[in-house]
Amino acid sequence: MGLIKKLIVGFFLLIVIGIVAVFGMQYYYLNAYDKVPVEVKTETVSGDVFYLSHVLDPGKYYINASSEGTVEKITILDQEGNVLTESETNSMIYGSNKPFQVRVDYKSPLNVDSYKVSVGIYVLEKK
């Protein structure tokens, strides 16, 4: 019985360490790097829409999306349109040594004719 308890405690400890590491890395990148704007746009739209960036050069980027509706997901695509990764949050940090594109999917709020969406893509440069 003691071995099973140790395995369960060890498993949960690894999960906690992983969560702390992810948030720690994000905190480090946002505070140790300067955010240089690459694309920052705000538009008034209607219905469900998406934003697709131009092809971005390799590097580390901070991507931030907001909406009066819902930001459904941020998707990173390679040059051929294949999905590299997705995030269901409003912001993410992504680094690549190959060119890529950013796609942000927005969902409109209920009972509204038009609403505002915005996206900011910033390259992270060491301070």
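Residues numbered from 1 in each chain as written. Predicted model: local features only at pLDDT ≥ 70, side-chain atom pairs only at ≥ 80, totals over all residues. Heavy atoms only, no water.

This brings us to the nonpolar core. Ile63, Val102, Val104, Tyr106 and Ile121 are the most contacted members of the largest nonpolar core, which has 20 residues in total. Counting residues per element, the ones that place at least two in this core are strand 3 (59–67), strand 4 (70–77), strand 6 (91–96), strand 7 (101–107) and strand 8 (115–126). Setting aside residues no more than four positions away along its own chain, Ile63 makes contact with Ile74, Ile76, Asn90, Ser91, Met92, Tyr94, Val102, Gly120 and Ile121. Core analysis: the next-biggest nonpolar cluster, separate from the first, contains six residues, Tyr29, Tyr62, Tyr122 and Leu124 among them. (Core = buried A, V, L, I, M, F, W, Y, C linked by side-chain atoms within 4.5 Å. Buried < 20%, exposed > 50% of the residue type's maximum accessible area, 1.4 Å probe, protein only. Helix = DSSP H or I, 4+ residues; strand = E, 2+ residues; numbered from the N terminus. Contact = heavy atoms within 4.5 Å.)

Moving on: the environment of Leu110. Tracing the chain through its elements places Leu110 in the loop between strand 7 and strand 8. Sequence separation between Leu110 and Tyr122 is 12 residues; the distance between their C-alpha atoms is 31 Å.

As a further point, take the pattern of salt bridges. Applying the stated criterion across every chain yields a total of three salt bridges. Between Lys107 and Asp48 there is a salt bridge whose closest N-O contact spans 3.5 Å. Separated by 59 residues along the polypeptide, Lys107 in strand 7 and Asp48 in the loop between strand 1 (33–45) and strand 2 (49–52) bring together distant segments of the chain. Look at Asp48 and you get exposed, because its relative accessible area is 51%. A salt bridge links Arg103 to Asp105, with the shortest nitrogen-to-oxygen separation between them at 2.9 Å. On the basis of relative accessible area, Arg103 is assigned to the partly exposed category, the value being 27%. (Salt bridge = Lys/Arg side-chain N within 4 Å of Asp/Glu carboxyl O.)

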